[in-house]
Amino acid sequence: MSNTGDSCIFCLIARGDAPAALVYRDDRVLAFMDLFPLSRGHLLVVPRAHAENIFEISEADMLEVAALQLRIAAVLKAELDPDGIAVYQANGAAAGQTVFHYHVHLIPRADGEGFDFANRKTADRGELSRLAARLMESLQRGPQN
Ligand code: 5GP
Ligand code: ZN
C-alpha cells in the first residue's frame, strides 16, 4: 500500500489530523465535502483504513462505504433536492484518480448542467462547514416522513 500515513491526505482527514467538512465518521468509514466541488453538496465517502483503490480495498470496507453512500444519497436528496446524483469512483491515474486512497464521489446534478471535472474552484471552507453541519444533522435525524 503506497502513500499511507502522513503523506495521504485522506488518511490525515480520517484521523482528524487535517481539516475537512465532515458529514459522518465512525470507526470504519467517513464522509466529507469535496474541497473542489463540481456542484454544491459534492461529497466523498471513504474507508478509514488506507487502500489505494478497488484493487486494494477489502470487501468489508467496500460494503461499509456502499452502505454509507445510500444514507448520504438520501440526505442529499432530502436537503438539496437535486434533479439527480452522480456516483463516481476512479481507480488508477488512467481512470482519472488523483487522490490514491479509495473514495466514492456523490455529486448532486441539475437538469442540463455540464460535467466538467477539470474546471473547478476551491470552495469557501466556511460555506462547506455550514453545509456539512446541516447534512450531518439531517443524517442523525434519520429518514423523515
Ligand atoms: P479523484 O480525482 O481521485 O477521483 O478525486 C479526488 C477528489 O478529492 C477530488 O474531487 C478533489 O477535489 C478532492 N480533494 C483533493 N484534495 C482534497 C482535500 O484536501 N480535501 C478535500 N475535502 N477534498 C480534496
Ligand atoms: Zn490513505
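Residues numbered from 1 in each chain as written. Chains lettered and ligands numbered in written order. Predicted model: local features only at pLDDT ≥ 70, side-chain atom pairs only at ≥ 80, totals over all residues. Heavy atoms only, no water.

## Observations regarding the pattern of salt bridges
Piece 1. Counted under the stated rule, the structure contains seven salt bridges.
Piece 2. Close ionic contact of K77 with D81 constitutes a salt bridge, the shortest N to O distance being 3.5 Å.
Piece 3. The exposed category is assigned to D81, whose relative accessible area is 55%.
Piece 4. The salt bridge involving E79 is made with R141; its shortest N-O contact spans 3.4 Å. (Salt bridge = Lys/Arg side-chain N within 4 Å of Asp/Glu carboxyl O. Buried < 20%, exposed > 50% of the residue type's maximum accessible area, 1.4 Å probe, protein only.)

## Observations concerning the environment of V104
Piece 1. One can find V104 in strand β5 (residues 104-109).
Piece 2. When its relative accessible area of 2% is taken as the criterion, V104 is described as buried.
Piece 3. Among all residues touching V104, those that are not within four sequence positions of it are L43, L44, V45, V65, Q69, V87, Y88 and Q89. (Helix = DSSP H or I, 4+ residues; strand = E, 2+ residues; numbered from the N terminus. Contact = heavy atoms within 4.5 Å.)

## Digging into a nonpolar patch on the surface
Piece 1. Together, I54, F55 and M62 make up a nonpolar patch on the protein surface, roughly 310 Å² of accessible area in all.
Piece 2. Looking at the element boundaries, I54 is found in the loop between β3 (43-47) and α2 (59-80).
Piece 3. Overall, the relative accessible area of 37% leaves I54 in the partly exposed class. (Patch = residues over 30% accessible without salt bridge, like charges linked within 9 Å, V, L, I, M, F, W, Y side chains within 5 Å. Areas by Shrake-Rupley, 256 points an atom, 1.4 Å probe, with all protein chains shown as cover.)

## Considering the packing of aromatic side chains
Piece 1. On inspection of all chains with the given rule, the structure shows one aromatic pair.
Piece 2. Arranged with centres 5.2 Å apart and planes meeting at 75°, the rings of F10 and F32 form a pair that is edge-to-face. In this pair, F10 sits in helix α1 (residues 9-15) while F32 sits in strand β2 (residues 29-33), placing the two residues 22 residues apart along the sequence. Take F10 and F32: they sit in the same class, and that class is buried.
Piece 3. Positioned above the aromatic ring of Y24 is the side chain of R71, whose terminal nitrogen or guanidinium carbon lies 5.1 Å from the ring centre. (Phe/Tyr/Trp six-rings, centres within 6.5 Å; stacked < 30°, edge-to-face > 60°. Lys NZ or Arg CZ within 6 Å of the ring centre and 35° of its normal.)

## Details of the coordination of the zinc ion (ligand 2)
Piece 1. Protein-derived ligands of the zinc ion (ligand 2) are C8 (SG), C11 (SG), H50 (ND1) and H101 (ND1), with the metal-ligand distances lying across 2.0 to 2.3 Å.
Piece 2. Coordination geometry of the zinc ion (ligand 2): the four donor atoms subtend angles of 105 to 115° at the metal centre, consistent with an arrangement described as tetrahedral. (Donors = N, O, S within 2.8 Å, 3.2 Å for Na, K, Ca; no water. Tetrahedral: all angles 85-135°; square planar, octahedral: opposite > 155°, others 65-115°.)

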